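The primary structure of each chain is shown beneath.
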Amino acid sequence: MGWNSWDVFGSSVTEAETRANAEFIAEHMADHGWEYVVVDIQWYEPAARAGGYNSGAELVLDEHGLPQPAPNRFPSAAGGAGFKPLADHVHSLGLKFGVHILRGIPRQAVAADTPIKGTVYTAAQIADKNRPCAWNDDNWGIDHSHPGGQAYYDSLVAQFADWGVDFIKADDMIGPYWEDEIEAFRRAIDRSGRDIVFSLSPGVALSIDHAEHLKAHSHLWRVSGDLWDRWKDVDAQFDLLRDWAVHSGPGHWPDADMLPLGRMGLRAEVGEPRDSLLTPDEQQTMLTLWCIVRSPLMVGADLPSSSPETIDLLTNPEVLAALRHPVGACEVWREGEHVAWASEDGAFVAVFNRGPEAAELELPWSALGIAQPTQVEDCWNRWDLLPGDHLRAQLQSHGSALFRLY
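Owing to the predicted nature of the structure, the values given are computational and were not obtained by experimental measurement.

Draft legend 1. Quick look at the overall build of the chain. From N to C terminus, the chain includes twelve helices and 21 strands. Computed over C-alpha atoms, the radius of gyration of the chain comes to 22 Å, within 12% of the 22 Å expected from 2.2 N^0.38 for 406 residues, which places it in the range of a compact globule. Overall size of the chain, expressed as C-alpha extent along the three principal axes, is 70 × 40 × 35 Å. Expressed as a percentage of its 406 residues, the buried residues of the chain come to 59%. Sequence-distant contacts, at least 24 apart, represent 71% of the contacts inside the chain between residues at least 6 apart. For the chain, the computed accessible surface area is about 15400 Å², with 50% contributed by carbon and sulfur atoms. Charge centroids of the chain, computed over 30 positive and 60 negative side chains, lie 4 Å from each other.

Draft legend 2. Spotlight on the sheet that holds strand β21 (residues 400-405). Read across the open sheet, the six strands follow the order β14-β15-β16-β21-β18-β19; overall the sheet is antiparallel. Pairing within the sheet leaves two strands with one partner each, and these edge strands are β14 (329-335) and β19 (383-385). In this sheet, neighbouring strand axes are inclined to one another by 25 degrees on average, regardless of whether the strands run parallel or antiparallel. Inspection of the sheet shows strand β15 (residues 338-343) paired to strand β16 (residues 348-353) by five bridges, in the antiparallel sense. The partner of His 338 across the bridge, within β16, is Asn 353. Contacts from helix α10 (residues 280-293) reach β14, β15, β16 and β21, with the element oriented near 145 degrees to β16.

Draft legend 3. Structural view of the environment of Gly 300. Relative to the helices and strands, Gly 300 resides in the loop between β13 (298-299) and α11 (308-314). Considered as a pair, Gly 300 and Pro 115 are 185 residues apart in the sequence and their alpha carbons are 37 Å apart. When sequence neighbours within four positions are dropped, the list of residues in contact with Gly 300 reads Asn 4, Asp 7, Val 8, Leu 259 and Met 264.

Draft legend 4. Broad picture of the nonpolar core. Among the nonpolar cores identified, the biggest contains 117 residues, and Trp 34, Trp 43, Phe 185, Ile 292, Leu 297 and Trp 341 are the most heavily contacted of them. For this core, the domains that each give at least three residues are domain 1 (2-315) and domain 2 (331-405). Not counting residues up to four positions away in its chain, the partners in contact with Trp 43 are Pro 67, Gln 68, Pro 69, Ala 70, Arg 73, Phe 74, Phe 83, Val 99, His 100, Ile 101, Phe 160 and Trp 163.

Draft legend 5. Focus on the domain arrangement of the chain. The assigned domain composition of the chain is domain 1 (2-315) and domain 2 (331-405). Inter-centroid distance (C-alpha atoms) of domain 1 to domain 2 is 34 Å. The interface is formed by 17 residues belonging to domain 1 together with 16 residues belonging to domain 2. When domain 1 packs against domain 2, close to 1500 Å² is buried across both sides, 63% of that on carbon and sulfur atoms. The largest share of the area that domain 1 buries against domain 2 comes from Phe 238, Thr 288 and Ile 292, three residues that together contribute 35% of it. Applying the counting rule to domain 1 against domain 2 returns three salt bridges. The salt bridge involving Asp 239 is made with Arg 354; its shortest N-O contact spans 3.7 Å. Sorting the residues of the side of domain 1 that touches domain 2 by element identifies α9 (231-244) and α10 as the ones contributing at least two each. Per element, the largest residue contribution to the side of domain 1 that touches domain 2 is nine residues, and it comes from α10. Among the residues forming the side of domain 1 that touches domain 2, the class breakdown is nine nonpolar, three polar and five charged.

Criteria and thresholds
- Residues numbered from 1 in each chain as written.
- Predicted model: local features only at pLDDT ≥ 70, side-chain atom pairs only at ≥ 80, totals over all residues.
- Heavy atoms only, no water.
- Helix = DSSP H or I, 4+ residues; strand = E, 2+ residues; numbered from the N terminus.
- Rg over C-alpha atoms; globule rule 2.2 N^0.38 Å.
- Buried < 20%, exposed > 50% of the residue type's maximum accessible area, 1.4 Å probe, protein only.
- Contact = heavy atoms within 4.5 Å.
- Areas by Shrake-Rupley, 256 points an atom, 1.4 Å probe, with all protein chains shown as cover.
- Lys, Arg positive; Asp, Glu negative; His and termini not counted.
- Charge placed at Lys NZ, Arg CZ, Asp CG, Glu CD.
- Pairing = 2+ DSSP bridges.
- Axes fitted to C-alpha atoms, helices over the stretch in contact; angles between N-to-C directions.
- Core = buried A, V, L, I, M, F, W, Y, C linked by side-chain atoms within 4.5 Å.
- Domains from an automatic or database assignment.
- Buried area = accessible area lost by both parts, 1.4 Å probe.
- Salt bridge = Lys/Arg side-chain N within 4 Å of Asp/Glu carboxyl O.
- Nonpolar A, V, L, I, M, F, W, Y, C, P; charged D, E, K, R; others polar.

Here it is as structure tokens:
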């Protein structure tokens, strides 16, 4: 559970904005489990902008070709301090700090043939120019048949560990799927000596055939491309998560992507400055689905300028209890545009209306594979219902309900 800068600031987030969101989380959300503060892509690009990437950008690298925070955006990184001062501040708030990194090695380092730290190898020796990223030209791929490839990732993650990084979002790893890059990066994390969460992106057309490899080598992985504040994006997750939910468990979590809630798009890749375009019912449905599935929760808003309603949505303790439930969930019923999910022990049930019209559902507990409960709690409204022989719910268009059963 945490915050990521992408949905609101794109590639151009600053230190001041990161600190402001971290301080907001510490004051208003940490007691509910929100703890990670993640700086997304191109923190090493001084001229990063909204709505795309600068081709051939002049990146801030050290003498070993390792990316460094751009001091004009992250002033505390000046003088070779890197992200340690910012990470120290986040840690002082009782939170954890994360960074995004792109697969491969900077093209700028390859052109300069920089030495790989602690080795006799150089950047040009390990670059694989046949495996570039398709949507960003900062990096070349890495040839992992060369020992310098592993050494570069080892030096990169060692730098992150020295800074105090707790979370790494490694991008362009699984869409397409780069098995050797994933294994090399995870090996580097294991060698770093620091407890670091390893997140993989993006999940465009990700095959379920990779599930066992993902579980063995990462802690969370995206199951879709970027998700924005559009109902079609949220709706698409129902079918994806139905297939991936069985692979959810301690240490390995399918990730339905960031929560496009609150004030967003100030300098983003998609859209103008706005409050989330999802309706209140759609926002509740998204969070209900993410929690019953136990997807990681990363909110993409500028939290200090988001509405109190958004913060209330994100800090409902009864709903977040489903996220922390020790038993997984799966889809148990579907009829047209109406869907039900339940935890395997029957403790939580969620019902959804994916259709454009309001609906009233009346389902016998047996249809959900659950014995009739003695107590039913409506998690969103935070009141108890009289139990009966059916689960009854009135749902607005794209609406949902979440129940805890006793």
